[in-house]
Amino acid sequence: LFDILVHPEDIEKVYHHHAQVLPNLQDGEVVMLEYRMYSKLAETYVWLESLESIFEKDKAGKVKTVMGIARNTNAKKLAEVALTESNKQLKQALHFQEKILATSPEIIFLYDLENRKTTFINQKVFRFLGFTEEEIAQREESLTRPFIHPEDIEKANRFYEEVLPKLIDGETANLIRRLIRKDGKVVWLSANYSVFESDTKGNTIKVIAVAVDVTKEKEEENKKIIANRE
């Protein structure tokens, strides 16, 4: 009967417990066993937790009988299983997200308005600016502020201090500015910012930006302006 009721995946564990653990119990020792058993009432297998200790020994001092108290822990066990599966799925999702961000053709970064610093950047930015990850990590404040063209610094400061703090969910704000690469070349970056996180009062405290290189477009635009002037 016991073989029929115990879940097939738990039979070997139960047999081992009965054959190896219980005969070697010591006085005062309590052992625990978790296993699934079929419940006619529930019409499915339920988890049980059994606590067992010595009840009687024979004249030779060997364990003769044991006493056990079993309780239904099905709800607890199912919750643990669900949590484990949820954590597994979350890790997979985060790994997938990291892969997407790492291989994205756009520059993606998170900016913390309260602490005035970039908290995340993807690999694309290093190729764009020509700096290594270690060199950029030594910079402070915004990811791109230290590289901004002198003529665009004031515009960028106004954007960070006046526009971004007023962003609300569903809105985007665009900033186009010139940056100076490590090799001295001037490049143009167009970034669209949106709300990533708000505080309990609804104030924007973090923004996410997706930026693209528009250097070619701006160079062509400047050539047309010069040609029109001439």
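Residues numbered from 1 in each chain as written. Predicted model: local features only at pLDDT ≥ 70, side-chain atom pairs only at ≥ 80, totals over all residues. Heavy atoms only, no water.

Draft legend 1. Here's a closer look at the sheet that holds strand β6 (residues 172–180). Here we have five strands laid out as an open sheet, ordered β5-β4-β8-β7-β6, and antiparallel in their pairing. Unpaired on one side and paired on the other, β5 (117–121) and β6 mark the two borders of the sheet. Across the sheet, the mean angle separating the axes of adjacent strands is 30° when strand polarity is ignored. Where strand β4 (residues 107–112) lies against strand β8 (residues 204–213), six bridges are found, and the strand directions are antiparallel. Pairing of Tyr111 across the sheet is with Val207, part of β8. Lying on the sheet, helix α6 (residues 153–163) is in contact with β4, β6 and β7 (186–198); it crosses β6 at an angle near 150°. Running at roughly 130° to β7, helix α7 (residues 215–229) makes contact with β7 and β8 of the sheet. (Pairing = 2+ DSSP bridges. Helix = DSSP H or I, 4+ residues; strand = E, 2+ residues; numbered from the N terminus. Axes fitted to C-alpha atoms, helices over the stretch in contact; angles between N-to-C directions. Contact = heavy atoms within 4.5 Å.)

Draft legend 2. Looking closely at unusual backbone geometry. One non-glycine residue, Glu43, adopts positive backbone phi at about 60°. Despite not being glycine, Arg116 has its phi angle at roughly 55°, a positive value. Among the structural elements, Arg116 can be located in the loop between β4 and β5. Judged by relative accessible area, which is 44%, Arg116 ranks as partly exposed. (Buried < 20%, exposed > 50% of the residue type's maximum accessible area, 1.4 Å probe, protein only.)

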